[in-house]
Structure formats: C-alpha cells, structure tokens
Amino acid sequence: MRKIQRIAIDAMMVAVLVILGMIKIPSFIPGAEFQLSAPFAVLLAAQAGFGRYLGIGVCSSVVQLALGTHTIWNVVISMVFRITAGLIVTYFPWKNMGLIIAGPLGTFTARIVLAAMLGVSAWPLIAAAVPGMIFTAVLVVLCHPASEMIRRQVQ
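A brief structural summary. (Residues numbered from 1 in each chain as written. Predicted model: local features only at pLDDT ≥ 70, side-chain atom pairs only at ≥ 80, totals over all residues. Heavy atoms only, no water.)

Some words on the overall build of the protein
Worth spelling out the cut-off: Secondary structure elements follow DSSP: runs of H or I of four or more residues count as helices, runs of E of two or more count as strands, with numbering from the N terminus. Put simply, the radius of gyration uses C-alpha atoms, and a globule should come to 2.2 Å times the residue count raised to 0.38. Exposure classes here rest on a 1.4 Å probe applied to the protein chains alone. A residue is buried below 20% of its type maximum, exposed above 50%, and partly exposed in between. The contact criterion used is simple: two residues touch if any of their non-hydrogen atoms lie within 4.5 Å.
Within the protein, the secondary structure is distributed over six helices and two strands. Listing every helix and strand of the protein by position from the N terminus yields α-β-β-α-α-α-α-α. The C-alpha radius of gyration of the protein comes to 15 Å, within 12% of the 15 Å expected for a compact globule of 155 residues. Scored against the burial criterion, the 155 residues of the protein give a buried share of 41%. Of the contacts formed within the protein by residues at least 6 apart in sequence, a portion of 62% connects residues at least 24 apart.

And the structure:
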C-alpha cells in the first residue's frame with residue numbers, strides 16, 4: 001500500500017474511532033454504558049497491527065482532547081485499554097481466542113487502573129463493565145469476518 005493511501009486510511013480510522021468513542025449505549029446498570037469504540041478498536045488492532053493501531057489510538061485521543069469530549073483521565077483509561085487489547089490481539093497464540101478476550105481484558109485492566117487513580121475498590125467498577133465486556137466479545141466475533149473481507153479488499 002502506498003504511503004499516502006495508508007495515511008488517508010489511518011485518518012479515516014481515527015475519525016471512525018473518535019465518532020464511535022462518542023457513542024455510548026446506555027445500560028440498565030448506572031455507570032455500565034458501553035462505548036462502540038471497544039469492539040472496533042479490537043478489530044482495528046487485528047487488521048492494522050499493534051504499532052499502527054496504537055498510532056491511530058493516540059491520534060484519536062488527541063482529537064478527542066481538542067474537541068473537549070475527553071479529559072486526560074479518559075485518555076489514560078483509553079490508552080490502558082488500547083495497549084492491553086492490542087498486545088493480546090498481537091501476541092496471543094490462538095488468534096480467534098485472542099480477539100474474543102482482548103476487549104474484556106482491556107476493559108478489566110483499564111478499570112483496575114481507574115480504581116487506583118480514584119482510590120476506590122476496583123470490583124464495583126469491573127462489575128459495572130461486565131455487560132460491555134460481553135457485548136464487546138460478541139460484536140468482535142460477529143464483525144471479524146467482515147473486517148477480514150474489508151482488509152483483503154483494501155490491500
């Protein structure tokens with residue numbers, strides 16, 4: 001892929017990640033809303049590779065800071081999720097299982113970091129995130145074939 005084409009695709013992925021990060025699906029449990037960016041991020045890590053995915057994530061965080069839709073706290077939590085999920089997708093020996101567990105483990109790790117930053121117990125934060133973790137795993141499984149097809153067509 002040519003460099004200009006790759007930059008353009010990465011910019012589009014940043015825009016999609018920013019938009020999906022702003023969309024939150026409400027939950028019956030307070031504090032358990034779900035961001036659509038989580039399954040997209042896991043699939044992006046699988047398709048783009050860890051380094052490229054992390055660059056797209058950093059650009060997304062910068063845009064969200066500039067727009068005022070995220071704070072430094074949000075960015076720290078997002079980066080913990082991205083690093084954890086990206087490393088799992090990249091280095092887990094069973095690729096399909098890695099895709100399924102990357103989002104929930106990224107969320108789990110991010111909630112532990114959030115609890116440490118706030119000085120509160122992690123378990124209520126993790127419990128509130130369980131519906132989103134399940135939703136992420138299910139969406140990744142359902143959308144992975146389509147993301148593979150798109151990747152092949154782009155290349």
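Okay, back to it.
As for the layout of surface pockets
Spelled out, the test is: Method remark: on a 1 Å grid restricted to protein atoms, a set of points is classed as a cavity if a 1.4 Å probe fits but cannot get out and as a pocket if it is open with protein on both sides within 12 Å along at least five of seven lines; lining residues have an atom within 4 Å of a point. Grid points are joined across faces, edges and corners, and a volume is the space filled by probe spheres set on the points. Following the grouping adopted for this structure description, the nonpolar residues are Ala, Val, Leu, Ile, Met, Phe, Trp, Tyr, Cys and Pro, the charged ones are Asp, Glu, Lys and Arg, and the polar ones are all others, Gly among them.
Space inside the largest pocket adds up to approximately 720 Å³. In terms of lining, the largest pocket is formed by 30 residues, of which the most central are Glu-33, Gln-35, Ile-77, Ser-78 and Arg-111. Of all elements in the fold, only helix H1 (3–22), strand E2 (34–35), helix H2 (37–48), helix H3 (50–67), helix H4 (72–91), helix H5 (95–118) and helix H6 (122–154) reach the threshold of two or more residues within the lining of the largest pocket. When its residues are assigned to classes, the lining of the largest pocket shows 13 nonpolar, 13 polar and four charged. When contributions to the lining of the second largest pocket are tallied by element, the ones reaching two or more residues are H1, H2, H3 and H6. Of the residues forming the lining of the second largest pocket, the biggest block, seven residues, is contributed by H6. Residue composition of the lining of the second largest pocket, by class: 15 nonpolar, three polar and three charged.

Considerations on a nonpolar patch on the surface
The line we're drawing: Patch definition: residues with relative accessible area over 30% and no salt bridge; like charges joined within 9 Å; nonpolar side chains (Val, Leu, Ile, Met, Phe, Trp, Tyr) joined within 5 Å. Working definition of accessibility: Shrake-Rupley area with a 1.4 Å probe, residue cover restricted to the visible protein chains. We count a salt bridge whenever a side-chain nitrogen from Lys or Arg sits within 4 Å of a carboxyl oxygen from Asp or Glu.
A surface patch of nonpolar side chains, about 420 Å² in accessible area, is lined by Ile-19, Met-22, Ile-23, Val-63 and Leu-67. Within the residue set of the nonpolar patch, elements represented by two or more residues are H1 and H3. With respect to the element layout, Ile-23 can be found in the loop between H1 and strand E1 (24–25).

Some points on the pattern of salt bridges
Enumeration over the complete set of coordinates arrives at three salt bridges. One network of salt bridges, in which partners are shared, links Glu-148, Arg-151 and Arg-152.

Description of the side chain of Arg-82
Put simply, the test is: We score Asp and Glu as negative and Lys and Arg as positive, and we do not count His or the chain ends. Identification of polar contacts relies on pairs of N or O atoms within 3.5 Å, with a donor-acceptor requirement for protein atoms, meaning one able to donate a hydrogen and the other able to accept it, and with residues adjacent in sequence counted only if both atoms are side-chain atoms.
On the secondary structure map, Arg-82 appears in helix H4. Of the side chains bearing the opposite charge, Asp-10 lies closest to the buried Arg-82, which forms no salt bridge; the N-O distance is 13 Å. Within polar-contact distance, the side chain of Arg-82 engages the backbone oxygen of Gly-57 at 3.1 Å. Not counting chain neighbours up to four residues away, the residues in contact with Arg-82 comprise Leu-17, Phe-50, Tyr-53, Leu-54, Gly-57, Ser-60 and Ser-61.

Focus on the packing of H1 against H2
Think of two packed helices as two axes; the pair is described by the angle between the axes and how far apart they sit. We count it as follows: Inter-axis angles, ranging from 0 to 180 degrees, are taken between N-to-C directions of lines fitted to C-alpha atoms, where helices are fitted over the stretch in contact. We call two directions roughly parallel when the angle between them is under 35 degrees, roughly antiparallel when it is over 145, roughly perpendicular when it lies between 65 and 115, and oblique otherwise.
H2 packs onto H1 with a crossing angle of 155° between their chain directions and a minimal axis gap of 8 Å. With respect to each other, H1 and H2 are oriented roughly antiparallel. Contacts between H1 and H2 involve Met-13, Val-16, Leu-17, Leu-20 and Gly-21 from the former and Ser-37, Phe-40, Ala-41 and Leu-44 from the latter. Residues that form the contact of H1 with H2 fall into these classes: seven nonpolar, two polar and no charged.

Observations concerning H2
We apply this condition: One less than the residue count of a helix, multiplied by 1.5 Å, gives the span that helix is expected to have.
With twelve residues, H2 extends 15 Å between its outermost C-alpha atoms, agreeing within 8% with the 16 Å of an ideal straight helix rising 1.5 Å per residue. Across the twelve residues that make up H2, a large majority, ten, are buried. Inspection of H2 places Ser-37, Ala-38, Pro-39, Phe-40, Ala-41, Val-42, Leu-43, Leu-44, Ala-45 and Gln-47 among the buried residues, and these make up the whole buried set. The inward-facing, buried residues of H2 contact H1, E2, H3, H4, H5 and H6. Residue Gly-49 follows H2 closely and has a positive phi angle near 90°.

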